[in-house]
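So you can see what is in the structure, the chains are spelled out below.
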Amino acid sequence: MGNLTATRPSQPWTAPTASDPVTATLRLPGSKSMTARALVLSALAAGPSTLARPLRARDTELMAAGLRGMGAHVSISDDERWLVRPHPLVGPAHVDVGLAGTVMRFVPPVAGLADGQVTFDGDPYVRTRPLGPLIAALRSLGVRIDVTGSGSLPLTVLGTGRITGGEVVIDASASSQLVSGLLLAAPRFDRGVVVRHVGPPVPSAPHLRMTVQMLRAAGAAVDDSTPDVWAVEPGPLTGRAWEIEPDLSGAVPFFAAALVTGGEVTLQGWPHSSAQPVEQLRSLLQRMGGEVTLSTDGLTVRGTGVVHGLTADLSDVGELTLVLTALAMLADSPSVFTGVGHIRGHETDRLAALAREFSGLGADITETPDGLEIRPRPLRGGTFRTYQDHRMAHAAAVTGLAVPGIELDDVGCTSKTMPEFPALWSAMVTGK
Ligand SMILES: O=C(O)C1=C[C@@H](OP(=O)(O)O)[C@@H](O)[C@H](O)C1
Ligand SMILES: C=C(OP(=O)(O)O)C(=O)O
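The rules behind the values
- Residues numbered from 1 in each chain as written.
- Chains lettered and ligands numbered in written order.
- Predicted model: local features only at pLDDT ≥ 70, side-chain atom pairs only at ≥ 80, totals over all residues.
- Heavy atoms only, no water.
- UniProt positions renumbered as here; feature names shortened; annotations may be inferred.
- 1 Å grid on protein atoms, 1.4 Å probe; cavity = no way out; pocket = protein on both sides within 12 Å on 5 of 7 lines; lining within 4 Å.
- Helix = DSSP H or I, 4+ residues; strand = E, 2+ residues; numbered from the N terminus.
- Buried < 20%, exposed > 50% of the residue type's maximum accessible area, 1.4 Å probe, protein only.
- Contact = heavy atoms within 4.5 Å.
- Near = heavy atom within 4 Å.
- Polar contact = N/O pair within 3.5 Å; in protein donor to acceptor, adjacent residues only side chain to side chain.
- Areas by Shrake-Rupley, 256 points an atom, 1.4 Å probe, with all protein chains shown as cover.
- Sits in = over half its atoms within 2 Å of the grid points.
- Pairing = 2+ DSSP bridges.
- Nonpolar A, V, L, I, M, F, W, Y, C, P; charged D, E, K, R; others polar.
- Domains from an automatic or database assignment.
- Points joined across faces, edges and corners; volume = space filled by probe spheres on them.
- Buried area = accessible area lost by both parts, 1.4 Å probe.
- Salt bridge = Lys/Arg side-chain N within 4 Å of Asp/Glu carboxyl O.

J.: Before we go on, may I ask you to explain the UniProt feature "binding site: phosphoenolpyruvate" (unreviewed entry) in the protein chain in this structure?
T.: The UniProt entry lists K32, G101, R129, Q177, R350, R391 and K416 under the feature "binding site: phosphoenolpyruvate" (unreviewed entry), expressed in the numbering used here. Those annotated residues lining the largest cavity are, specifically, K32, G101, R129, Q177, R350, R391 and K416. With respect to the helices, strands and loops of the structure, R129 is situated in the loop between β7 (115–121) and α4 (132–140). Residue R129 is classed as buried on the basis of its relative accessible area, which comes to 5%. Contact partners of R129, with chain neighbours within four places excluded, come to L99, A100, G101, M104, R105, G345, H346 and E347. When you line up the elements, R391 lands in helix α11 (residues 390–402). A relative accessible area of 4% means that R391 is categorised as buried. Residue contacts for R391: discarding those within four places in its chain leaves K32, S249, G250, E319, L322 and R350.

Here is the structure:
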């Protein structure tokens, strides 16, 4: 385990401990997943688009820069409203994917539609994240790709301005993004696409539903009525005004603070109908002892200060595993999480990282092939390494509410999806 060296200087941080129940009303940044999809669909559309309240963070800025490098006009100077004016896509260009799964998997299909060469690379660790099935699928749909390194990245897409498309079989058990990437660009393929998944289950079903929903909102004809098969008709995408919802996964550590401290946290600006898995989250937090309500004020989570253990298959919501693990550490009974073997291929091997760092604080935690088993017992303060993983930092922050002296080696990794995390968190905990 252990990520390769990052270029960004690390930012040590001591997680604040809560002396009182946390009470906060928060306005949080936009959804990473919606911002990424809206940028891609807008760059491929026939007319201009706007993104209201997008996420400004490393992943989405890299997405904007990647599309801009291929010729799209993407203006992100206004925090509240980004503008995208499509323009014929051309190479040569270089796309820095950082550590972003969305950029590494959504942009290569777009590059196949560009006329010219587009090179891709990113942080050292991203080269280990699964990409092979997407490369193979794109090749079988008519895209020329040179893999120049020993793994999947770095690579060069030799775009010709068009992709034939058609039927393709893919094993997307490592990441739903392998399918989303193909679908988002597919309306612009000559024959559209029929993607058939064959293999162990595809994780993150809600993210695939978001892809289909946003494609349809942009005017694409998508058939997802057969399990594990997605068909996208060729046709123009329309430019539109995208309303980006607050990021639910980014809100989860704040909601967890309500459970741990017996407080109340409200996320403002939550829509009545959401593209994110709010019902799954509600059920998980309620089973752990929280109360989740939606009102005109927003989405509110209340806790009692007593957290219950949880046995759950988290395959739909793998990115929540880290904060739920922190909650499970503070629970009144054991927890068993399954269905998340694929998060070993996220920003770091998350199961190994969680087991290692929580063990270092005195936890009784066992890593299984596809999950974790946690038997709560008192934890002690100590160093918690984050491995460039924003959600490891979120987990450590939640633990620090109840355990004094949790020292993160680097909280700067939260810039991947929420640069303001340390400031927002400290303000919420200290009430200042
Ligand atoms: O499509 C998306 O926006 C995402 C899909 C999921 O990826 P995996 O299916 O690889 O888990 C999720 O974990 C990631 O944070 C965002
Ligand atoms: C898995 C995640 O990110 P990525 O989009 O880089 O896969 C995540 O944000 O938890």
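J.: I tried to follow the site of ligand 1 on my own but got confused; where do I start?
T.: With respect to spatial proximity, 14 residues lie near ligand 1, and among them S33, R37, S175, S176 and E319 are the closest. Measuring from an oxygen atom of ligand 1, one finds a side-chain N or O atom of K32 at 3.0 Å. A distance of 2.8 Å is found between an oxygen atom of ligand 1 and a side-chain nitrogen or oxygen belonging to H346. For ligand 1, the protein covers 96% of the area, taking 380 Å² as the surface of the free molecule. More than half of the atoms belonging to ligand 1 lie within 2 Å of the grid points that define the largest cavity. Those elements that place two or more of their residues in the shell around ligand 1 are α1 (32–43) and α3 (101–112).

J.: Whenever I open this one, the pairing of strand β11 (residues 193–197) confuses me. Can you help?
T.: Looking along a regular strand, one sees the side chains alternate between the two faces of the sheet. Residues V193, V195 and H197 point to one face of β11 and are all buried, whereas V194 and R196, pointing to the other face, are not buried. Across 5 bridges, the pairing between strand β10 (residues 166–170) and β11 is parallel. If you follow G166 over to β11, its bridge partner there is V193. Sheet analysis places β11 next to strand β13 (residues 229–232), joined by 4 bridges and oriented antiparallel. Counterpart to V195 in the pairing with β13 is W230.

J.: Would you mind going over the site of ligand 2 with me for this structure?
T.: Surrounding ligand 2, one finds 14 residues, the nearest of these being K32, G101, R129, R391 and K416. The separation between an oxygen atom of ligand 2 and a polar side-chain atom of E347 is 2.9 Å. In the environment of ligand 2, an oxygen atom lies 3.1 Å from a nitrogen or oxygen atom belonging to the side chain of H390. Out of a free accessible area of 290 Å², ligand 2 has 97% covered by protein chains. One can see that ligand 2 is located within the largest cavity. At the level of secondary structure, the elements contributing two or more residues to the shell around ligand 2 comprise α3 and α11. Among the residues forming the shell around ligand 2, the class breakdown is 2 nonpolar, 5 polar and 7 charged. Viewed by domain, the shell around ligand 2 spans two of them, domain 1 (13–29 + 246–430) and domain 2 (32–243), each represented by three or more residues.

J.: How should the layout of surface pockets be read in this particular structure?
T.: If a probe as big as a water molecule is rolled over the atoms, it shows which places are left empty. For the largest pocket, the calculated volume is near 350 Å³. What lines the largest pocket is a set of 17 residues, and nearest its centre among them are L28, P29, G30, R53 and P54. Class assignment of the residues belonging to the lining of the largest pocket gives a composition of 7 nonpolar, 3 polar and 7 charged. Counting only domains with at least three residues in the lining of the largest pocket, you end up with domain 1 (13–29 + 246–430) and domain 2 (32–243).

J.: I tried to follow the sheet that holds β11 on my own but got confused; where do I start?
T.: By way of backbone hydrogen bonds, the strands of a sheet pair with one another, either parallel or antiparallel. The mixed open sheet is built from 4 strands, whose spatial order is β10-β11-β13-β12. Two strands close off the open sheet at either side, each with one partner strand: β10 and β12 (222–223).

J.: Whenever I open this one, empty space enclosed by the protein confuses me. Can you help?
T.: According to the stated counting rule, one finds 2 cavities of 30 Å³ or more in the structure shown. Put simply, the largest cavity is a space of about 290 Å³. Around the largest cavity, the lining comprises 28 residues; the ones closest to its centre are K32, Q177, S204, E319 and H346. Elements supplying a minimum of two residues to the lining of the largest cavity: α1, α3, α5 (177–185) and α11. Broken down by element, the lining of the largest cavity gets its largest block of residues, 4 residues, from α3. For the lining of the largest cavity, the per-class residue count stands at 4 nonpolar, 14 polar and 10 charged. Counting contributing residues per domain, the lining of the largest cavity is built from domain 1 (13–29 + 246–430) and domain 2 (32–243), each supplying no fewer than three. By volume, the second largest cavity is sized at about 130 Å³. Lining the second largest cavity are 16 residues, and of these H207, S249, Q276, P277 and E319 lie nearest its centre. Listed by contribution, the elements that provide at least two residues to the lining of the second largest cavity are α1, α6 (205–217) and α7 (248–261). It is α6 that provides the largest number of residues to the lining of the second largest cavity, a total of 3 residues.

J.: Sorry, what's going on with the domain arrangement of the protein chain here?
T.: For interface size, the figure often reported is the accessible area lost on association. Per the domain assignment, the segments of the protein chain are domain 1 (13–29 + 246–430) and domain 2 (32–243). The C-alpha-based centres of domain 1 and domain 2 are spaced at 29 Å. Taken residue by residue, the interface counts 24 residues in domain 1 and 23 residues in domain 2. Buried area between domain 1 and domain 2, summed over both chains or domains, comes out near 1800 Å², and the portion from carbon and sulfur atoms is 53%. Of all residues in domain 1, the largest losses of buried area upon contact with domain 2 belong to A275, H342 and K416, amounting jointly to 31% of the total for that side. The tally of links from domain 1 across to domain 2 stands at 1 salt bridge. Among the ionic pairs, K416 bridges to D59, the shortest N-O distance being 2.7 Å. Viewed at the interface, domain 2 and domain 1 are joined by 7 residue pairs in polar contact (both at pLDDT 80 or more). Here the residues of the side of domain 1 that touches domain 2 are counted per class, giving 5 nonpolar, 10 polar and 9 charged.

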